[in-house]
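One letter stands for each residue in the lines below.
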Amino acid sequence: MTIRLYNTLTKTKEDFAPLDARNVRLYVCGPTVYDFAHIGNARPAIVFDVLFRLLRHQFGDAHVTYVRNVTDVDDKINARAAERGVSIRELTEETARIYNEDVAALGCIAPTVAPRATEHIAEMIAMIQILIASGHAYEADGHVLFDVSSKDDYGKLARRSLDDMIAGARVEVAPYKKGAMDFVLWKPSDAATPGWDSPWGRGRPGWHIECSAMAGKYLGESFDIHGGGIDLMFPHHENEIAQSEGAHHGHPLAKVWMHNGFLQVEGEKMSKSAGNFFTIRELLADWPGEVLRFNMLRTHYRQPIDFTFAGLRESWKMLERWYEVTEPLSDPGPGAEFLAALADDLNTPAAIAALHQASEMELAGGLGFLGFSNVQMKISAKAKVDEVAIAEAIAARNAARKAKNFAESDRIRDDLLAQGIVLKDGPQGTTWEVRK
Ligand code: AMP
Ligand code: ZN
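Source: prediction; values computed, not measured.

Here's the deal with the coordination of the zinc ion (ligand 2)
For the zinc ion (ligand 2), the full set of protein donor atoms is Cys29 (SG), Cys211 (SG), His236 (NE2) and Glu240 (OE), and the range of their distances to it is 2.0 to 2.4 Å. Viewed at the metal, the four donor atoms of the zinc ion (ligand 2) are separated by angles of 78 to 131°, and the geometry they form is irregular. All donors of the zinc ion (ligand 2) belong to a single chain; written as a sequence motif, their spacing is C-x181-C-x24-H-x3-E. Note that His236 and Glu240 are positioned in helix 7 (residues 233–247) at a spacing of four residues, about one turn of the helix.

Structure (structure tokens):
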């Protein structure tokens, strides 16, 4: 099977041929850990999880390396920690833990490596030193800046020329910059800000260099696929390319660049002030993770997605119907048409359409491939019900039965049934499950 992927760098769909089929390498920009992740942040996690699964299927589980970093040094983090009166370490540890739990609940397999920026400062400093030595960066006023004019093809990912960028730049240019588009590799820290000793004094890295240093460490100078949301294409990914190629004799950073489209809520940009901002955590309180996942996959990853509650309800119904016919779970592997759709630039809506036509066996295989299992759904639905209230109702029913008050015991049973709780009387006593 040939996997075809749309490459933002070439603006075409290309046959995917890994640099080394025994170690297929994928890097995705991960979260900045200062607050709960929102449902938009869930999109790259889910999209690239499906890609990870597809690559593992094609090349073997042991032959794919997926790196997703954790940005745990950032001015937003510093500000939030100060606001909450907690240490930076406490804030980033807690937020990273919540992020991992959230994306696991969305059915995402853990990446092979999840490196933290603060544990790779030495690699960043070493890379910055190489960039200075090779004439791509300069020190000015306690900062180190990347000189974009040192790289002829700066702008090749975003397809913007340096002249256009400079003309369009509205930001006030810091006086120590040689060129308006030069970006920070290292900046000084005052006593109240986290900092590390460096040849340029105590300071901290810029955001872009984090990804270049961590990708280089775990995936080498050149690797196969680099992913992230479309908002990261410029300047973040453009700058990653400039830094990594600058430090690595021009060797291309990634062969294929993939970008997921943005998620909107009910047709509008998600924002706290508009009141349409949803964290993964709060949605998980009401919706099974797989419903959120399935809903995301019903739209092709490059399209914008309109997240609606009507869509979520529809997704829940579809999944439930499928779970009814795929029990008991068997995983015979996905069907050919389903796989062909996924291999065509991760066309999940076409893959889902193929499942509508598939036999029960192939349906079960396809759902399993995409990370769904009806066992999970039952657990998540079960987690939503009030277990204490059910236990009390069961005890009351048993007491009524003992007293031969069958009208009352039946009433309690029917009352639970109306809430979707099915009781089962067995030799071990009464157990319950959520009605399918
Ligand atoms: P951030 O923590 O803001 O750097 O974002 C983490 C990831 O989520 C990046 O890959 C972003 O591109 C992506 N992302 C952020 N907001 C959205 C959104 N509304 N829709 C889709 N992806 C998003
Ligand atoms: Zn990045």
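Brief notes about the site of ligand 1
Close to ligand 1 lie 14 residues, the nearest being Gly40, Asn41, Gly229, Asp231 and Leu263. At 3.1 Å, a backbone N or O of Gly229 approaches an oxygen atom of ligand 1. Here Asp231 contributes a side-chain N or O atom positioned 2.4 Å from an oxygen atom of ligand 1. For the shell around ligand 1, a count of residues per class yields five nonpolar, eight polar and one charged.

Quick word on the environment of Met318
Note that Met318 resides in helix 10 (residues 309–326). Taking relative accessible area as the criterion, Met318 reaches 13% and is therefore assigned buried. Considering only alpha carbons, one finds Met318 and His356, 38 residues apart in sequence, at a separation of 9.9 Å. Discounting chain neighbours no more than four positions away, the residues touching Met318 are Phe294, Arg298, Ile352 and His356.

Details of the domain arrangement of the protein chain
Per the domain assignment, the segments making up the protein chain are domain 1 (4–260), domain 2 (309–380) and domain 3 (387–434). On a C-alpha basis, the centres of domain 2 and domain 3 stand 34 Å from each other.

So, how was this worked out
- Residues numbered from 1 in each chain as written.
- Chains lettered and ligands numbered in written order.
- Predicted model: local features only at pLDDT ≥ 70, side-chain atom pairs only at ≥ 80, totals over all residues.
- Heavy atoms only, no water.
- Donors = N, O, S within 2.8 Å, 3.2 Å for Na, K, Ca; no water.
- Tetrahedral: all angles 85-135°; square planar, octahedral: opposite > 155°, others 65-115°.
- Helix = DSSP H or I, 4+ residues; strand = E, 2+ residues; numbered from the N terminus.
- Near = heavy atom within 4 Å.
- Polar contact = N/O pair within 3.5 Å; in protein donor to acceptor, adjacent residues only side chain to side chain.
- Nonpolar A, V, L, I, M, F, W, Y, C, P; charged D, E, K, R; others polar.
- Buried < 20%, exposed > 50% of the residue type's maximum accessible area, 1.4 Å probe, protein only.
- Contact = heavy atoms within 4.5 Å.
- Domains from an automatic or database assignment.

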